Amino acid sequence: MLGICRGRRKFLAASLTLLFVPAFTWIYLFSGSFEDGKAVSLSPIESQPHSPHYTASNQRERESLEIRMREVEEENRALRKQLSLAQSRSPMHRRGNHSKTYSMEEGTGDSESLRAGIVAGNSSECGQQPAVEKCETIHVAIVCAGYNASRDVVTLVKSVLFHRRNPLHFHLIADAIAKQILATLFQTWMVPAVRIDFYDADELKSEVSWIPNKHYSGIYGLMKLVLTKTLPSSLERVIVLDTDITFATDIAELWAVFHKFKGQQVLGLVENQSDWYLGNLWKNHRPWPALGRGYNTGVILLLLDKLRKMKWEQMWRLTAERELMSMLSTSLADQDIFNAVIKQNPFLVYQLPCFWNVQLSDHTRSEQCYRDVSDLKLQKQLSELDEDDLCYEFRRERFTVHRTHLYFLHYEYEPASDNTDVTLVAQLSMDRLQMLEAICKHWEGPISLALYLSDAEAQQFLRYAQGSEVLMSRRNVGYHIVYKEGQFYPVNLLRNVAMKHISTPYMFLSDIDFLPMYGLYEYLRKSVIQLDLANTKKALIVPAFETLRYRLSFPKSKAELLSMLDMGTLFTFRYHVWTKGHAPTNFAKWRTATTPYQVEWEADFEPYVVVRRDCPEYDRRFVGFGWNKVAHIMELDAQEYEFIVLPNAYMIHMPHAPSFDITKFRSNKQYRICLKTLKEEFQQDMSRRYGFAALKYLTAENNS
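Residues numbered from 1 in each chain as written. Predicted model: local features only at pLDDT ≥ 70, side-chain atom pairs only at ≥ 80, totals over all residues. Heavy atoms only, no water.

Caption draft 1: Spotlight on the pairing of strand β24 (residues 642–645). By the bridge criterion, four bridges tie strand β19 (residues 538–542) to β24 in an arrangement that is parallel. Directly across from I541, in β24, lies its bridge partner V645. Bridge analysis of strand β22 (residues 597–599) against β24 gives three bridges, and the strand direction is antiparallel. Looking at β24, one finds that Q598 is bridged to I644. (Pairing = 2+ DSSP bridges. Helix = DSSP H or I, 4+ residues; strand = E, 2+ residues; numbered from the N terminus.)

Caption draft 2: Up close: the packing of helix α4 (residues 146–163) against helix α5 (residues 176–189). Two numbers describe how α4 lies on α5: the axes approach to 9 Å, and their chain directions differ by 35 degrees. For the crossing formed where α4 meets α5, the hand is right-handed. Counting all contacts with α4, which are made through G146, Y147, S150, V153, V154, V157, K158 and L161, the residues of α5 involved are I177, A178, I181, L182, L185, F186 and W189. Looking at the contact of α4 with α5, its residues break down into 12 nonpolar, two polar and one charged. (Axes fitted to C-alpha atoms, helices over the stretch in contact; angles between N-to-C directions. Left-handed = near helix turned anticlockwise from the far one by under 90°. Contact = heavy atoms within 4.5 Å. Nonpolar A, V, L, I, M, F, W, Y, C, P; charged D, E, K, R; others polar.)

Caption draft 3: Geometry of the environment of F408. Position of F408 relative to the elements: it lies in the loop between β13 (404–405) and β14 (422–429). When the C-alpha positions of F408 and L451 are compared, they lie 9.9 Å apart, and in sequence the two are 43 residues distant. Not counting chain neighbours up to four residues away, the residues in contact with F408 comprise R151, A458, Q459, F461, L462, Y479, I481 and Y483.

Caption draft 4: Representation of the packing of aromatic side chains in the model. In this structure the tally under the stated criterion is 24 aromatic pairs. For the pair W255 and F258, a centre-to-centre distance of 5.3 Å together with 80 degrees between the ring planes defines the contact as edge-to-face. Taking relative accessible area as the criterion, F258 reaches 5% and is therefore assigned buried. Between F554 and Y650, the ring centres sit 6.5 Å apart and the planes meet at 25 degrees, which makes this aromatic pair stacked. Note that F554 is positioned in the loop between β20 (544–546) and α19 (558–567) and Y650 in the loop between β24 and β25 (651–653), a separation of 96 residues in sequence. A residue is classified by how much of its surface remains accessible, and F554, at 7% relative accessible area, is buried. One aromatic cluster is present, formed by W255, F258, F261 and Y350 through successive ring pairs. For the cation-ring pair, R403 lies above W189, with the distance from its terminal atom to the ring centre recorded as 5.2 Å. Directly above the aromatic system of W590 lies the positively charged group of K558, at a separation of 4.3 Å from the ring centroid. (Phe/Tyr/Trp six-rings, centres within 6.5 Å; stacked < 30°, edge-to-face > 60°. Buried < 20%, exposed > 50% of the residue type's maximum accessible area, 1.4 Å probe, protein only. Lys NZ or Arg CZ within 6 Å of the ring centre and 35° of its normal.)

Caption draft 5: Up close: the sheet that holds strand β10 (residues 295–303). The seven strands lie next to each other as β7-β6-β5-β8-β10-β9-β11, forming an open sheet whose pairing is mixed. The open sheet has two free edges, formed respectively by β7 (194–200) and β11 (349–352), since each of these has just one partner strand. Direction aside, neighbouring strands of the sheet carry axes that sit 25 degrees apart on average. Two strands pair when backbone bridges link them, and strand β6 (residues 168–174) and β7 are joined in this way by seven bridges, in the parallel orientation. Pairing of F170 across the sheet is with I196, part of β7. The strands touched by helix α6 (residues 201–208) within the sheet are β6 and β7, with β7 carrying the most contacts at an inclination of about 50 degrees. Each of β9 (267–271), β10 and β11 touches helix α11 (residues 334–344); the most contacted strand, β10, lies at about 65 degrees to it.

Caption draft 6: Molecular detail of the nonpolar core. Among the nonpolar cores identified, the biggest contains 115 residues, and L449, F461, Y479, F508 and L524 are the most heavily contacted of them. Apart from the residues lying within four places of it in its own chain, the contact partners of L449 are A426, L428, L436, V477, G478, Y479, H480, A498 and I512. (Core = buried A, V, L, I, M, F, W, Y, C linked by side-chain atoms within 4.5 Å.)

Caption draft 7: Spotlight on unusual backbone geometry. Positive phi is not limited to glycine here, since M190 has a value of about 55 degrees. Position of M190 relative to the elements: it lies in the loop between α5 and β7. Classification of M190 by relative accessible area gives buried; the value is 16%. Despite not being glycine, D604 has its phi angle at roughly 70 degrees, a positive value. By the element assignment, D604 lies in the loop between β22 and β23 (608–612). Judged by its relative accessible area of 4%, D604 is buried.

Caption draft 8: Representation of the state of the cysteines within the structure. For the structure shown, the criterion picks out one disulfide. A sulfur-sulfur distance of 2.1 Å marks the disulfide that ties C391 to C674. The sign of the S-S torsion, about -95 degrees, decides the handedness of the disulfide formed by C391 and C674: left-handed. Taken together, the residues C391 in the loop between α12 (376–383) and α13 (392–397) and C674 in helix α23 (residues 669–690) connect sequence positions 283 residues apart. Across the pair, exposure class does not vary: C391 and C674 are buried alike. (Disulfide = S-S within 2.5 Å.)

Caption draft 9: Spatial organisation of the pairing of strand β17 (residues 506–509). Going residue by residue along β17, you find Y506 and F508 tucked away on one face and M507 and L509 tucked away on the opposite face as well. Bridge count for β14 against β17 is four bridges, and the pairing is parallel. When the bridges of β17 are listed, V422 appears paired with Y506. Across four bridges, β17 lies against β23 in antiparallel orientation. For F508, the partnering residue across the bridge sits in β23 and is V610.

Caption draft 10: Examining the sheet that holds β24 more closely. The strand order across the open sheet built from nine strands is β13-β16-β15-β14-β17-β23-β19-β24-β22, with neighbouring strands paired in mixed fashion. The sheet is open, and its two edges are formed by β13 and β22, each paired on a single side.

Caption draft 11: The arrangement of the pattern of salt bridges in detail. Counting across every chain of the model gives 30 salt bridges. The shortest N-O distance in the salt bridge between D418 and R525 comes to 3.0 Å. With D418 in the loop between β13 and β14 and R525 in helix α18 (residues 520–530), this residue pair connects regions lying 107 residues apart in the sequence. Using a relative accessible area of 14% as the deciding quantity, one classes R525 as buried. We note a salt bridge from D511 to K629, for which the minimum N-O separation is 3.5 Å. With a gap of 118 residues between them, D511 in the loop between β17 and β18 (514–516) and K629 in helix α21 (residues 628–638) connect regions that are remote in the sequence. When sorted by exposure, D511 lands in the same class as K629, which is buried. (Salt bridge = Lys/Arg side-chain N within 4 Å of Asp/Glu carboxyl O.)

The structure is reproduced here in structure tokens:
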């Protein structure tokens, strides 16, 4: 952290230097031009008034320069005065200034209303800095459980990052699902001066599970009560936030409020802005005890060291036990218990201004941005690349880290008891979204999808999915968002993300524009047993076909498919443009085959296969169009996988507009040259890894 602050000091010094360059330059030009208060001419000719070259014009120019010089001296004095004032401002001086900021959040107080959150801010003094030292770390605690909460917390974190100037330390109380998602997200986000610590929410359940809670947040809504025990004993203070908060000002301004606590004040809270605790929302409405309107716990400042000394744990437990005897359960989770404690001990609260937690009844929209950052390791790798290399952009893609949000939608999976389950793996971008519903209708098993989207597209996808009965009826589809970065489509990175996050022992490596035959899921599970995939290195090939028709009566059996082949309604995949890709499948033999048969690897072979989940990853150097699957199949062959064609399996490629990357491949000669270069380098790497056995790939390529 110190290094970062030093860097900022350097930046400030550089800025001030630039500020004074014009003034110093003028002083330098004129410092040698005056002696004893008299102007000394810059020209030996002009220095002599009685010279034949000396004119009235020369005199006017000299007088003009003298006037300008005096103006610059005045400017320089003013700038020095400003710098002196700026340096004299101490942190204690700044703390005396009050800035206007406000925050909004949702899901507060009144359980009947929906609330959207924004924190926005305007300083009362132009250019005022928050009352926090530049290198001081700000600590933020958030309870986050499940898929939906992990999505919400991303928006919160983005808004904090957008305005922050200080190092941040997030303390995330998370269940196993949220931890898996957020650990990957922050690891791939690579934001500097941000530390993340996780605390196991499941281990804390026993601390609060004895409290009946009617609030939708369930048991996790009570966990803010135990933060004094959960967070490190060395941590003195923390800002606690609900996941549905959005900041529009520097969080340091809120952190600075801790300095205003006096006496026994240990909680910073905003008054609740609904009538919930007034008890007049409906007949016989009986809320928990509270001071007036009570306090909202969407934003809390906790002075942890003092709370521990006051025995906060014992205080809230005794209060909860007493009130539950008559109330039976909480309606607003931790908020009810906090307010009951405060009712008995009003001195505990420092009341925050209402702008720190504005609770709205309507959702609001706000632009969310995040800063482009880079990791030092990434910079080192990139520095080793030759920027003059015509294929530099291709090579760079291999090292690009993409922010990744796993399980963007709710995901549930029950492992199959027979350990034969197969996950369909695919990747897509926004222009292939329309394929999702059809695939879900054709494949009832689990699916793992990596989606390459921008932030805006991710929100469009969310609305699309939530509006689809087909997609919302499926819980066994894992949607993993890989956010856009760079100029190429990182096809193999996407495949690797989808492969890595499957829950089954086997996977069917497909593409989003293929529809599997009806019943393929169950057929593959039987084939896994029949061909002993658990104990052998096999890749089961699902023969690929295609149609040129956007409307197709999908064949319900192999016999029907063969009839459509004969009629010209269907074709073997890419037979007319890239025969080599699937020729080794031996479609002629497949027509009459009733049992699985083995085929040999050939150059450019790229079938769609079923493999164990421990198979090699795809090579990331191949991006966009070309050789991305070919290289993977080659590596399977190098690792001595057997290629077995399934006699009663098939998949059909559906027509669509050409992708941006295939268009670039066809129209850009340099693109094709770089792809050829990458192929050669991959084959050389194969020779180094697999030795003599890999020589056949070089030979096969030269002969093809």
